[in-house]
Amino acid sequence: MPPPTPIPIPLFASTQLNLLHEEHAAEVSSSKLASTAATVSPSTRRTLQATGYALTGLILSQCRTGLGGRVVGEFAPDPAVTSDEFRSEDGTPRFGSHGLRVGDVVRVSDVAGTGKKVGGKDKEKDKDAEKGGPEGVITRTGDRAVWIAFGRPGGGGMSKEDDEGVEELWGKKLWAIKLANDVTYRRMRQTMEKMEKMTETDYSHFMRVAFGHTTPLQLDTEACESVEFMDPTLNDSQKDAIRFALASRDIALIHGPPGTGKTHTLIELILQFVKRKKRVLVCGPSNVSVDNIVERLAPKKVPVVRIGHPARLLPSVLEHSLEVLTQTSDAGGIVKDIRKEMDEKQASIRKTRSGRERRGIYDELKLLRKEFRQRESKCVDNLVRESSVVLATLHGAGGHQLKNQKFDVVIIDEASQALEAQCWISLLGAEKVVLAGDHLQLPPTVKSTGQKTKDEASEGKGEKSDVETLKGVSLERTLFDRLLALHGPGIKRMLTTQYRMHETIMRFPSDELYEGKLIASDAVKSRLLIDLPYEVEGTDDTQEPLVFWDTQGGDFPEKAEDEIGKRGALLGDSKSNEMEAMVVARHVDNLIDAGVRPESIAVITPYNGQLALLSRMLREKYPGLELGSVDGFQGREKEAVVVSLVRSNAEHEVGFLGEKRRLNVAMTRPKRHLCLCGDSETISHGSDFLKHWMDFLEENADLRYPDAGDLL
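These notes cover the structure that comes with them.

The rules behind each value
Residue positions within a chain follow its written sequence, with the count starting from 1. Given that the model is predicted, a residue must reach a pLDDT of at least 70 before its local features are reported, and side-chain atom pairs must reach 80 or more before they are shown or counted; all residues, however, enter totals for whole chains, interfaces and linings. Side-chain metrics rest on all non-hydrogen atoms present in the structure, leaving aside hydrogens and water. For helices, the fitted line uses only the C-alpha atoms of the stretch in contact; every axis is such a line through C-alpha atoms, and the angle between N-to-C directions lies from 0 to 180 degrees. Secondary structure counts use DSSP, requiring at least four H or I residues in a row for a helix and at least two E residues in a row for a strand, with both numbered from the N terminus. Each angle gets one of four labels, with under 35 degrees taken as roughly parallel, over 145 as roughly antiparallel, 65 to 115 as roughly perpendicular, and the rest as oblique. The sense of a crossing depends on the near helix, which, turned anticlockwise from the far helix by less than a right angle, makes the crossing left-handed and, turned clockwise, makes it right-handed. What makes two residues a contact is simply this: any of their non-hydrogen atoms within 4.5 Å. Polar here means any residue outside two lists: the nonpolar Ala, Val, Leu, Ile, Met, Phe, Trp, Tyr, Cys and Pro, and the charged Asp, Glu, Lys and Arg; Gly therefore counts as polar. What makes two strands pair is DSSP finding at least two bridges between them. Stacked, tilted and edge-to-face are the three classes applied to pairs of Phe, Tyr and Trp rings, where Trp contributes its six-membered ring and a pair requires centres within 6.5 Å; stacked means planes under 30 degrees apart, edge-to-face means over 60, and tilted covers the rest. Remark: exposure states derive from per-residue accessible area (1.4 Å probe, protein chains only) relative to the maximum for the residue type, with buried under 20%, exposed over 50%, and partly exposed in between. A positively charged side chain is recorded as over a ring if its NZ (Lys) or CZ (Arg) lies within 6 Å of the ring centre. The angle to the ring normal must also be within 35 degrees. Expected span of a helix: the number of residues minus one, times 1.5 Å.

**Brief notes about the packing of helix α8 (residues 236-247) against helix α9 (residues 262-275)**
Thinking step 1. It is the contact of α8 with α9, at a shortest axis distance of 10 Å, that shows an interaxial angle of 40°. Our classification of the angle between α8 and α9 gives oblique. Relative to α9, the crossing made by α8 is right-handed. Within the contact between the two elements, α8 uses Gln238, Ala241, Ile242, Ala245 and Leu246 and α9 uses His264, Thr265, Glu268, Leu269, Gln272 and Phe273.
Thinking step 2. In terms of residue class, the contact of α8 with α9 is built from 6 nonpolar, 4 polar and 1 charged.

**Concerning the sheet that holds strand β21 (residues 702-704)**
Thinking step 1. One open sheet holds the 6 strands; their spatial order is β18-β17-β19-β20-β16-β21, and the pairing between them is parallel. A strand with exactly one partner marks an edge of an open sheet, and here the two such strands are β18 (626-629) and β21. Taken pair by pair, the neighbouring strands of this sheet meet at an average axis angle of 20°, ignoring direction.
Thinking step 2. As judged from the 4 bridges shared by strand β17 (residues 601-605) and strand β19 (residues 638-644), these two strands associate in the parallel manner. From the neighbouring strand, Ala602 faces β19, where its bridge partner is Val641.
Thinking step 3. Along the sheet, helix α22 (residues 608-618) contacts β17, β18 and β19; its crossing angle with β18, the most-contacted strand, is approximately 170°.

**Some thoughts on the packing of aromatic side chains**
Thinking step 1. On inspection of all chains with the given rule, the structure shows 8 aromatic pairs.
Thinking step 2. Geometrically, the ring pair formed by Phe211 and Trp424 is stacked, given 5.4 Å between the ring centres and 20° between the ring planes. A residue pair is termed long-range when its members are at least 10 positions apart, and Phe211 in the loop between α7 (205-210) and α8 and Trp424 in helix α15 (residues 420-427) qualify at 213 residues. Summarising the burial analysis for this pair, Phe211 and Trp424 share the class buried.
Thinking step 3. Summarising the aromatic geometry, the rings of Tyr607 and Phe656 are spaced 4.9 Å apart at their centres and angled 55° between planes, so their arrangement reads as tilted. Residue Tyr607 is located in the loop between β17 and α22, and its partner Phe656 is located in the loop between β19 and α23 (660-667); the two are separated by 49 residues in the primary sequence.
Thinking step 4. Exposure remark for Phe656: the relative accessible area of 35% places this residue in the partly exposed category.
Thinking step 5. Grouped by ring-pair contacts, the aromatic residues Phe12, Phe206, Phe211 and Trp424 constitute a single cluster.
Thinking step 6. Taking NZ or CZ as reference, Arg140 lies 4.1 Å from the ring centre of Trp147, over its face.

**Focus: helix α21 (residues 578-593)**
An α-helical segment advances 3.6 residues per turn. Residues three or four places apart therefore align on the same side.
Thinking step 1. Over its 16 residues, α21 runs 22 Å from end to end, which matches the ideal 22 Å to within 8%, given 1.5 Å per residue.
Thinking step 2. Of the positions making up α21, those classed as buried are Met579, Glu580, Ala581, Val583, Val584, Ala585, His587, Val588, Asp589, Leu591 and Ile592.
Thinking step 3. Positive backbone phi, approximately 110°, marks Gly595, located one or two places after α21.

The following block contains the structure:
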């Protein structure tokens, strides 16, 4: 392979800054409804919840002091508005499915204060209504509660206004709405600004490799000689990837196709580094990706610290989080006492009606918080320094807890789902880097088009020297992708044994995308729904791994955009197909009638318009059934997956269904049964990839043709 063409680092950073500015603007405008909470009607709130932007029907059930002295509120479903289908056997209310996740920035508002017209006589109340309630970050979510730490992230803790805003929530009917998260963007911008100002003498060897100024160093073969693997279940491709990552002196990519045990491989790799006295920073783009690793590392008795808030209340994760370590370590004793005093002060605010007394308590709280933060900061610093493995989200790696900390290796999991600028938050000082992911699945979601920069780059407009270096730079192009293109497959090792899918389900993605290299493990290659560990009747569906309901013939047309645009802007750019949704619903009925539990089934579709339609048909009927978008289901799996492809039109237009990485996600989620519903006539005209897929289904799937008359 010829030597790579060097990329000017300052120009790369400035291009990223322009793209990030555009992306942040697009994200803020997409959550415009969030900034006008005072005028949101009940029906809009329901639409916001259905599209993943909000959670309604909340009450504040308790408060405590969290990390950094913040007030953490626990919000439960309001029993007064929770229907019977969302109650446990003991009658306790629980949440239905929603799109709020750990790390989301939200505003909590009084339902009575929204949907009102602002502009009455009481101007102070109008101002409060416009503000819409206190803002915070979701730290945990569960079936029966959502926890929110108040005060904007990175905003220096709680203010008096924050305290008073939280106090106002007691006894009210509430809802939470997602806001644009400025912190991630701020940290990415700061990192790119720093990179832009660097001179050549500031560049680390890894940076020089990452931008093609030099080639990766030769492997250190001694480092991987006679590796004693701790996990006896590792397969050959996993062992090969681990040896390669140990031997690499600067960069190693671990390519983990769906179900190939990528996290399993990373756990062994982390343990091998620790055994060699290396200090490791492990990052991922989401809390879930990081907690997944903490959870598996926890039983291995390695000193680990999880920066930030754990996504799930699992004891194995919790005991390694900074929040718990600052309470349970020796140094945390004094911190714990101050926390207790703060909790008592917080509770006393609700017992006093005197404005002067309340102000006095707020002032005392302010002083206590200052002392709390100082002591906690010292305690955190000691805990992090003594840990062999530190884990954080990519933007969490830019927090004050990791300032001046040095690591021998940085591992980024799900690197193909992270913006490159996000990765550099943890990489500016890195010496050796391991990126794990699958660049053949969906890249990170990008709302802006970045059109101007890309067009100028591809069409050669503007200053010639600038334009050539900008060519191909976009937010969707990840560091994993870029390094692979820059240095070739020599820096990558692929995992080839998959432990998820039936062999028939695996075959097409393997042949078309993974060079035919995937092998189904003996444990999964022939398992079907009828083999589930509970009683399932043997039917045409439960004994078939791959089913295709082909709706060709024009009786199952998609709805044009303008027909569904009336439902509101959130679904205005989407598509739906009512007749196809009926085919999906009928197939789900048949699976459940045969004994397959709703919890074992997912229904996914690329279009939000179709998702809204399917939700109306199926959510109440089967509360345990999972409904979601293809993009949102990346990284997940279910025993049975039903996919609604939606597109069916005389022009044979497939839109973003033509993105093979999106379809790769859709077709690799199931373990035992994949059912596809779509119009082969429309889809096969979309691209060579889609034509090959339709040909494959015709040869290998149980092919069925629905009768529109039977469905009506």
